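Read off the chains here:
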Amino acid sequence: MPQHDTDPTSTNKKRHIGNNFVTIVYNDSGQPYQQGTIKGQCNICDIVIEPQPNNMNLVSLNSIQKTKLSDLKPHSALLISDDPLGATVRHLAVNANGLCQVMRGPGARNAYSCNWLERLKAIHRITSRSTTPLSSPTPARRDHSF
């Protein structure tokens, strides 16, 4: 993001940082990343990438303790080379974001669900509105005698 002379404190750059469920952090400082460094109302988990020697990266998923995101979390950090790093982290972030939307709480308005579940809900809504009960058609009898 470009730096503007009219914004010396970089407020425009930081405006949307805390509005995501999943935060991706590239930590090349050599110090361990402290969860909660990036504060926000929606942050549930952090994906931390730490560069290692020989074009390798250590990727770890850290979640807030009160969530059940540990089901998604691998038992240890992943060691990934530079080539598949972007695709792997994107895939992990999309899955973690979907899980965070589901776990956001009961009665969430925009909770994620898959297509077949949404179709099933639509079928139930349509059938509950119909005035005539649906009955299954009786199979036609075929006489195969010659």
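Participant: Help me understand helix α2 (residues 85–103), please; the structure alone is not making it clear to me.
Facilitator: Structural remark: α-helix, 3.6 residues per turn; residues separated by three or four positions point the same way. Spanning 19 residues, α2 covers 26 Å between terminal C-alpha atoms, matching the ideal 27 Å at 1.5 Å per step. Along α2, the residues classified as buried are Leu85, Val89, Leu92, Ala93, Ala96, Gly98 and Cys100. Here the buried face of α2 lies against β1 (22–26), β2 (45–52), β3 (56–63) and β4 (78–81).

Participant: Whenever I open this one, the side chain of Asp46 confuses me. Can you help?
Facilitator: Looking at the element boundaries, Asp46 is found in strand β2. Owing to a relative accessible area of 4%, Asp46 belongs among the buried residues under this scheme.

Participant: When you look at the nonpolar core in this model, what are you seeing that I'm missing?
Facilitator: Across soluble globular proteins, nonpolar side chains have a tendency to be buried as a group. Core analysis: the biggest nonpolar cluster contains 15 residues, and Val22, Cys45, Ile47, Val59, Leu85, Val89 and Cys100 have the highest contact counts within it. For this core, the secondary-structure elements that each account for two or more residues are β2, β3 and α2. Here this core takes 6 residues from α2, the largest share from any one element.

The rules behind the values
- Residues numbered from 1 in each chain as written.
- Predicted model: local features only at pLDDT ≥ 70, side-chain atom pairs only at ≥ 80, totals over all residues.
- Heavy atoms only, no water.
- Helix = DSSP H or I, 4+ residues; strand = E, 2+ residues; numbered from the N terminus.
- Expected span 1.5 Å × (residues − 1).
- Buried < 20%, exposed > 50% of the residue type's maximum accessible area, 1.4 Å probe, protein only.
- Contact = heavy atoms within 4.5 Å.
- Core = buried A, V, L, I, M, F, W, Y, C linked by side-chain atoms within 4.5 Å.

Don't take any of this as a statement about function, it's just geometry.
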